[in-house]
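# An overview of the molecular structure
Given next are the chains, with one letter for each unit.
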Amino acid sequence: MTTRILAGGLRALLLLLLACALHASAQSAKPLKKVTLAVGGVSVLNAAYPWLMMPLALGYWRDEGYDVEVVATPGSLQTVQQLAAGSIALSQMSAGALIQANVMNNLPIRAISVNNVLDWAVGVQADGPVAKVADLKGKNIGIVSLASGGLPMLKALLRAGGLDPDKDVTIVAVGTGAPALEALRANRVQGLMFWHTALVGFENAGGRLRYLSDPAWETFADFSLATTQRTIDSDPAMVEAIARGVAKASLFTATNPQCARQLHWKRFPQSKPTGADEATLARNDDRLVAAVVGSMDKARRLDGGQAWGRVDAAGFQRMQDFLFDNKVIDRKVAPETFVIRTPGFAERVDRYDHEAVIRQAKACAIS
C-alpha cells in the first residue's frame, strides 16, 4: 500500500516537472519582438559603439525578449525624421539634433540614455606652430561638411579664442577618414574639427595631434539614445529593456575594454579594420574603445556617477544654452522636455546584477 502511494506521488511529481519544463519551453519559444535602432552620423558600426553593439554580442536584448537591429544612417537629423514617421523605434543621435527637434519642430523626442559628452576638438599638428586657438588666425580649418553639427561649436571656440570665425579663418569641408587627414598632412588645412573618436582614428592612421577645445563642453550631454514620447507611452517595457541592455553593455565595456573590442571583432567581422597587421589593428581599436569609455564615463558623471547612461536634464540645459547663445535655436524650453520623465525609470533600468556583468567582463569568454 505504502509502495503504491509513493509510486503515485512520484508519478505526480514527474508530471509536474514535465509540465513545468513544457511551460518553460513554450516561454523560451515565444517569438522575439523586433526593434529597429538607427545610429545617426555613421557609416560603419565599428568598435566605437560598444553600448549598442555589445548588447547584441552578449545577448542582453535577446534575453529581455527583443530582436534588435542596429543600423547606421548618415546623420542625426535623418533619424529624427525616421522617429517622427514611426519607421524606427529608437535612435542614437546628437543632443543638438534632439534639442532642435523639440524646440524648433515641437517633436516630442526624449533621451532615454546619455552615452557621450560633447567631445569635439580641433586637432592640429602636434609639432606645428598652432598651440592655442588664437594661433588659428589666417588658417584653414577642415570639418566633415559645412552642414555639420560641429560648425556652431567651431565658431564658438574661435570666438572664445578672440577670433572672428567669418573673417579670421577659412572653414573647409574635407569629408572623413583618409581624405581629411591627408588635407592636414598636405597643409591644405591647419586644423581638423572633429569628434574625439574621429581624431583618434586620425592618430591611428599616423597623425600626431594636439587638441584644442573648450573644457566646459565636457559638461554638456551629447550622443544619446532617444525615442518618441509616443513609444514611451505605448511600449514602456521595451524602452526600459533597451536602456537596461545599454547600461549593462556600458558596464561590461568599462570593466574590460579589450574584451569588448575582441567580442566586436568576433561577432561583427565585417566591421573589423584592415590595412595593417593584427597587432597594429588591435592596438588601434583598443585606443578607439578607450577613448569612447572616457567619454562614456564623463557622461555617467553628469548625473553624479550613479549609473551608466542615466539621463541628466542639467546636461541638456547646458547644451541648450550653448545652442541658444550661438543662434542655432531662437528660444528655450524646460530642460526636462528633452529627457524621459517616467517615474522610477532610471531605477528600474539599473536593476540588474552588476557583479555578474563585471564577472562576465573579467572572464571574457569568447567562443
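Everything in this summary refers to the structure shown in the same document. No experiment lies behind these values; they were computed from the predicted model shown. (Residues numbered from 1 in each chain as written. Predicted model: local features only at pLDDT ≥ 70, side-chain atom pairs only at ≥ 80, totals over all residues. Heavy atoms only, no water.)

All right, on to the overall build of the protein chain then. In terms of helices and strands, the protein chain carries 15 helices and ten strands. Expressed along its principal axes, the backbone C-alpha trace of the protein chain runs to roughly 105 × 50 × 35 Å. Out of the 367 residues belonging to the protein chain, those deemed buried represent 50%. The contacts of the protein chain with a sequence gap of at least 6 include a subset with a gap of at least 24, amounting to 76%. Put simply, the protein chain shows about 17,100 Å² of open surface, and 54% of that area lies on carbon and sulfur atoms. (Helix = DSSP H or I, 4+ residues; strand = E, 2+ residues; numbered from the N terminus. Buried < 20%, exposed > 50% of the residue type's maximum accessible area, 1.4 Å probe, protein only. Contact = heavy atoms within 4.5 Å. Areas by Shrake-Rupley, 256 points an atom, 1.4 Å probe, with all protein chains shown as cover.)

A ring pair, where both rings are aromatic, is described by two values, the distance of the centres and the angle of the planes. By the definition in use, this model includes nine aromatic pairs. On the numbers, 6.2 Å between centres and 90° between planes, the contact of Trp51 with Phe223 is edge-to-face. In this pair, Trp51 sits in helix H2 (residues 50–58) while Phe223 sits in the loop between strand E9 (209–212) and strand E10 (224–228), placing the two residues 172 residues apart along the sequence. The exposure classification of Trp51 matches that of Phe223, with both residues buried. With 6.3 Å between their ring centres and 80° between their planes, Trp217 and Phe322 make a pair best called edge-to-face. (Phe/Tyr/Trp six-rings, centres within 6.5 Å; stacked < 30°, edge-to-face > 60°.)

In this section: the layout of surface pockets. By volume, the second largest pocket amounts to about 180 Å³. Residue lining of the second largest pocket: 15 residues in total, with Asp119, Trp120, His196, Glu218 and Lys298 positioned closest to the centre. Going through the elements one at a time, helix H8 (196–204) and helix H12 (278–301) are the ones with two or more residues in the lining of the second largest pocket. A class-by-class count of the residues in the lining of the second largest pocket yields seven nonpolar, four polar and four charged. (1 Å grid on protein atoms, 1.4 Å probe; cavity = no way out; pocket = protein on both sides within 12 Å on 5 of 7 lines; lining within 4 Å. Points joined across faces, edges and corners; volume = space filled by probe spheres on them. Nonpolar A, V, L, I, M, F, W, Y, C, P; charged D, E, K, R; others polar.)

The next point concerns the pairing of E10. Within E10, five of the five residues are buried, which leaves the element mostly enclosed by the surrounding structure. Burial along E10 is two-sided: Ser224, Ala226 and Thr228 facing one way and Leu225 and Thr227 facing the other are all buried. Of the strand pairs in this sheet, strand E3 (residues 90–93) and E10 are connected by three bridges, and their pairing is antiparallel. Its bridge partner being in E10, Met93 is matched across the sheet by Ser224. As judged from the five bridges shared by strand E4 (residues 109–114) and E10, these two strands associate in the antiparallel manner. Its bridge partner being in E10, Ala111 is matched across the sheet by Ala226. (Pairing = 2+ DSSP bridges.)

A few words now on the nonpolar core. Judged by nonpolar contacts, the single largest core of 103 residues is most densely connected at Leu37, Leu136 and Phe316. With ten residues, the top contributor of residues to this core is helix H10 (residues 236–255). Discounting residues that sit within four places of it in the chain, Phe316 has contacts with Ala95, Leu98, Ile99, Ala111, Val114, Ala221, Ser224, Phe338 and Val339. Val174, Phe194, Ala198 and Leu209 belong to the second largest nonpolar core, which has 13 residues in total. (Core = buried A, V, L, I, M, F, W, Y, C linked by side-chain atoms within 4.5 Å.)

All right, on to the sheet that holds E10 then. Spatially, E2-E1-E3-E10-E4 is the arrangement adopted by the five strands of the open sheet, whose pairing is mixed. Every other strand in the sheet has two partners, leaving strand E2 (66–73) and E4 as the edge strands with one partner each. Going from strand to strand, the sheet's axes swing by 30° on average, the running direction of each strand aside. Two strands pair when backbone bridges link them, and strand E1 (residues 33–40) and E3 are joined in this way by three bridges, in the parallel orientation. From the neighbouring strand, Val39 faces E3, where its bridge partner is Gln92. Sheet strands in contact with helix H4 (residues 76–85) are E1, E2, E3, E4 and E10, and its direction is about 160° off that of E3. Here H10 sits on the sheet and contacts E1, E2, E3, E4 and E10; the angle it forms with E2, its principal contact strand, is near 70°. (Axes fitted to C-alpha atoms, helices over the stretch in contact; angles between N-to-C directions.)

Where H2 contacts helix H11 (residues 257–267), the axes come no closer than 10 Å and their chain directions differ by 65°. Crossing of H2 over H11 shows left-handed handedness. Side by side, H2 and H11 meet where Met53, Met54, Leu56, Ala57 and Leu58 of the first sit next to Ala260, Leu263, His264 and Arg267 of the second. (Left-handed = near helix turned anticlockwise from the far one by under 90°.)

Once that is clear, we can look at H12. Taking 1.5 Å as the rise per residue, H12 with 24 residues should run 34 Å; its terminal C-alpha atoms sit 34 Å apart, in good agreement. Capping the start of H12, Asp277 holds a side-chain oxygen 3.2 Å from the backbone nitrogen of Ala279, two or three residues further along. (Expected span 1.5 Å × (residues − 1). Polar contact = N/O pair within 3.5 Å; in protein donor to acceptor, adjacent residues only side chain to side chain.)

Scanning all chains against the criterion turns up three cavities of 30 Å³ or more. Looking at the largest cavity, it is lined by 13 residues, and the ones nearest its centre are Trp308, Gly309, Arg310, Ala346 and Val349. Looking at the lining of the largest cavity, the elements that each hand over two or more residues are E4, H10 and helix H14 (345–349). When residues in the lining of the largest cavity are grouped by element, the largest group, three residues, is from H14. Of the residues contributing to the lining of the largest cavity, the split by class is nine nonpolar, two polar and two charged.

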